[in-house]
Amino acid sequence: MWELDLLLIPFLEHCFDQLDAKDQNAYRLLIEGEDQDLFAWLMRREQPEDPAFHRIVRLIQEHAENADNDPRRPV
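In short, a report on the structure. (Residues numbered from 1 in each chain as written. Predicted model: local features only at pLDDT ≥ 70, side-chain atom pairs only at ≥ 80, totals over all residues. Heavy atoms only, no water.)

1. Description of the layout of surface pockets
Formally: Think of a 1 Å grid over the protein atoms and nothing else: a 1.4 Å probe that fits but is trapped marks a cavity, an open set flanked by protein within 12 Å on at least five of seven lines marks a pocket, and residues with an atom within 4 Å of a point count as lining. Grid points are joined across faces, edges and corners, and a volume is the space filled by probe spheres set on the points. Secondary structure elements are defined from DSSP: runs of H or I of at least 4 residues count as helices, runs of E of at least 2 residues count as strands, and each element is numbered from the N terminus. Note on residue classes: Ala, Val, Leu, Ile, Met, Phe, Trp, Tyr, Cys and Pro are nonpolar, Asp, Glu, Lys and Arg are charged, and everything else, Gly too, is polar.
In this structure, the second largest pocket spans a volume of roughly 160 Å³. Taken together, Asp20, Lys22, Asp23, Asn25, Ala26, Leu29, Asp50, Ala52, Phe53, Arg55 and Ile56 make up the full set of residues lining the second largest pocket. Secondary-structure elements contributing two or more residues to the lining of the second largest pocket are α2 (21-30) and α4 (54-65). Here the lining of the second largest pocket takes 5 residues from α2, the largest share from any one element. Among the residues forming the lining of the second largest pocket, the class breakdown is 5 nonpolar, 1 polar and 5 charged.

This is the structure:
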């Protein structure tokens, strides 16, 4: 899903290396999920049932909402 790429790829490029091992693992597991679920979580429509995803979803959301995070940002 293209919309997910706009959120996940910049986060991967700018933040992933600075995450601790637990958060890196959560990111890896998260992106294996269903696109519909990821979209609902990242758009704040739903919360992940698995509490292990709460923190990484929040970090991705915060990164996406920071207008200074990527000068190539399309929006």
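2. A few points about the packing of helix α1 (residues 2-14) against α4
Angle between the axes and distance between the axes are the two parameters that describe a pair of packed helices. How we decide: Simply put, an axis is a line fit to the C-alpha atoms, just over the touching stretch for a helix, and the angle between two N-to-C directions goes from 0 to 180 degrees. Working rule for angles: under 35 degrees goes down as roughly parallel, over 145 as roughly antiparallel, 65 to 115 as roughly perpendicular, anything else as oblique. By definition in these notes, contact holds between two residues if any of their heavy atoms fall within 4.5 Å.
Their axes nearest at 10 Å, the elements α1 and α4 cross at an angle of 95°. Between α1 and α4, the angle falls in the class roughly perpendicular. Contact residues: Leu7, Leu8, Pro10, Phe11 and His14 in α1; Ile56, Leu59, Ile60, His63 and Ala64 in α4. The residue inventory of the contact of α1 with α4, partitioned by class, reads 8 nonpolar, 2 polar and no charged.

3. With respect to the pattern of salt bridges
Formally: Any Lys or Arg side-chain nitrogen located within 4 Å of an Asp or Glu carboxyl oxygen qualifies as a salt bridge. Accessibility here uses a 1.4 Å probe with only protein chains present; expressed as a share of the type maximum, an area under 20% marks a residue as buried, one over 50% as exposed, and anything in between as partly exposed.
Going through the model one piece at a time under the given rule, you end up with 3 salt bridges. Taking the shortest distance from any N to any O, the salt bridge between Asp23 and Arg55 comes out at 2.9 Å. Remark: Arg55 occurs in helix α4 and Asp23 occurs in helix α2; sequence separation between them is 32 residues. Given the relative accessible area of 41%, Arg55 is considered partly exposed. Ionic pairing is found between Glu65 and Arg44, a salt bridge with its closest N-O pair at 2.8 Å. Of this pair, Glu65 sits in helix α4 while Arg44 sits in the loop between α3 (35-42) and α4, and the two are 21 residues apart along the sequence.

4. Here's the deal with the packing of α1 against α3
What counts is decided by this rule: Each crossing is labelled by how the near helix is turned from the far one, with a counterclockwise turn of less than a right angle marking it left-handed and a clockwise turn marking it right-handed.
Direction vectors running N to C along α1 and α3 enclose 60°, while the axes themselves pass 10 Å from each other. Our classification of the angle between α1 and α3 gives oblique. The handedness of the crossing between α1 and α3 comes out as left-handed. Of the residues in α3, those touching α1 at Glu3, Leu4, Leu7 and Leu8 are Asp35, Leu38, Phe39 and Leu42.

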